[in-house]
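Single-letter residue listing:
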Amino acid sequence: MGAPSVLPRRILLGITGGIAAYKTPQLVRALVKAGAEVQVVLTPAAHEFVSPLVLSTLSRRPALTELVERGPGSMTWNDHVHLARWADLLLIAPATAETLAKMAHGLCDNLLMACWLSAECPVYAAPAMDLEMYRNPATRANLALLKERGVRFIGPEEGELASGLSGKGRMTEPDDLVSQLKQAMGEASVWAGKKVLITAGPTHEAIDPVRFIGNRSSGKMGFALALEAAARGALVELVAGPVALEAPHPAIRRTNVVSAAQMAIAAKERFGDCDVAILSAAVADWTPARKADSKLKKEQGMPPLELEPTEDILAWMGGRKKEGQFLVGFALETDNERVNAEGKLRRKNLDLIVLNSLNDPGAGFGHETNKVTLIDADKNAEELPLMSKTEVARAILDRIGIVLPHAK
Ligand code: CTP
């Protein structure tokens, strides 16, 4: 099922000071031709490479650069907050190494950076620079950080560079950039307005007021899923166990819980009207049958630790899933991974299971990366390479997005 090719209506186009800026009048034309309203914001350095007059003429709006415009006897304030709110999409093309560094570190010495810091809309960037600059660890780190924070990149492409060298660093050609942007936005649009329930992190099962039984889950995978779903336009209910993570997005409503029983109450309450539920939490399978009200003292001797099973939230949802609801579980396995995961998917009536193998280095609890296999109800298995948890989250949502109906 293909995603519709649509551009958002209002595009804030940030142009920074690289040689590829000479292609931006063509980019403005392509965006306008595709039906977008384009507001250009140039950095001061971009003026060396492209004429603001040409950009203003083609976009039919004054191209802006300064936070404060000074005319003879007048001063005008270009309100970055208003510009950022106006935009449905911020596209920075070309994005130079300098601008990427500023974005990664929140520096704000020009109107474009003030818009970027204020923007809550999706942000795309088309990097362009010489190959050594692109390969430099500082640039790599800035790109990785921005990716983690939800910025999407188009290009750069391989080819001849302005320096005369050949390699990766060319800005994607304007027409191609517009079609890649349309495709990416189309993929995102299936998530617009969808209600997504995500459980994340471990649970802590109290033995007494100071001791608990827990596990090593960091919650990073679930939080990456929540941020990615929100970035695609979904409304996310995040039920989080005790983790040291933030989910700073206005479309994420977070409920903090501690124990498996609390997680079950919160998640079950939110299941009824969700379109997609992704249960990535590492819920304790057992909890102490009795929790001491006061701290157990050593001198009383070793306490008998009787355990009782917790409720299986995922199985509960599998038993009540309605037509059109999509249910995703996680399986962390060490032996017979594929068979065990398929068994879990069948028993709990899931639509998709994300199999984590603890045998893969860099995968599972605590790591920044993960290596998973996605298995659907027809036993189709897609084995993904070792990727950052953000990239794994994108792959999981892309996979679910194939079967979700589009927003009306
Ligand atoms: N899960 C849940 N509620 C529980 C236990 C697990 O919702 N009480 C969910 C997890 O969020 C995950 C999946 O079920 O999506 C994991 O399945 P589970 O059978 O618990 O896996 P394991 O704990 O690894 O079980 P086993 O020991 O059988 O491998």
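This one's a predicted model, so the numbers in the text were calculated from it and none came from an experiment.

Draft legend 1. Broad picture of the side chain of Ser280. Locating Ser280 in the fold gives a position in the loop between strand 15 (276-279) and strand 16 (286-288). One polar contact links the side chain of Ser280 to the main-chain carbonyl oxygen of Thr199, over a distance of 2.6 Å. When residues no more than four places from it in sequence are discounted, the contact partners of Ser280 are Ile198, Thr199, Ala200, Gly222, Leu225 and Phe330.

Draft legend 2. A look at a nonpolar patch on the surface. Where nonpolar side chains cluster on the molecular surface, the patch consists of Ile19, Tyr22 and Phe49 and spans about 310 Å² of accessible area. Note on placement: Ile19 falls in the loop between strand 1 (10-15) and helix 1 (24-33).

Draft legend 3. Region of interest: the nonpolar core. In terms of nonpolar packing, the biggest core is built from 38 residues, with Trp191, Leu225, Val236, Leu238, Ile278, Ile396 and Ile400 touching the most fellow members. Contributions of two or more residues to this core are made by strand 10 (195-200), helix 9 (220-231), strand 13 (235-240), strand 15, strand 18 (326-333), strand 19 (352-357), strand 21 (372-376) and helix 13 (389-401). Looking at which element gives the most residues to this core, the answer is helix 9, with seven residues. Sequence-distant contacts of Ile278, that is, excluding residues within four places in its chain, are made with Val196, Leu197, Ile198, Thr199, Leu225, Val328, Phe330, Leu397 and Ile400. Core analysis: the second largest hydrophobic core is formed by 32 residues, Leu27, Leu31, Ala93 and Ala184 among them.

What counts, and at which threshold
Residues numbered from 1 in each chain as written. Predicted model: local features only at pLDDT ≥ 70, side-chain atom pairs only at ≥ 80, totals over all residues. Heavy atoms only, no water. Helix = DSSP H or I, 4+ residues; strand = E, 2+ residues; numbered from the N terminus. Polar contact = N/O pair within 3.5 Å; in protein donor to acceptor, adjacent residues only side chain to side chain. Contact = heavy atoms within 4.5 Å. Patch = residues over 30% accessible without salt bridge, like charges linked within 9 Å, V, L, I, M, F, W, Y side chains within 5 Å. Areas by Shrake-Rupley, 256 points an atom, 1.4 Å probe, with all protein chains shown as cover. Salt bridge = Lys/Arg side-chain N within 4 Å of Asp/Glu carboxyl O. Core = buried A, V, L, I, M, F, W, Y, C linked by side-chain atoms within 4.5 Å. Buried < 20%, exposed > 50% of the residue type's maximum accessible area, 1.4 Å probe, protein only.

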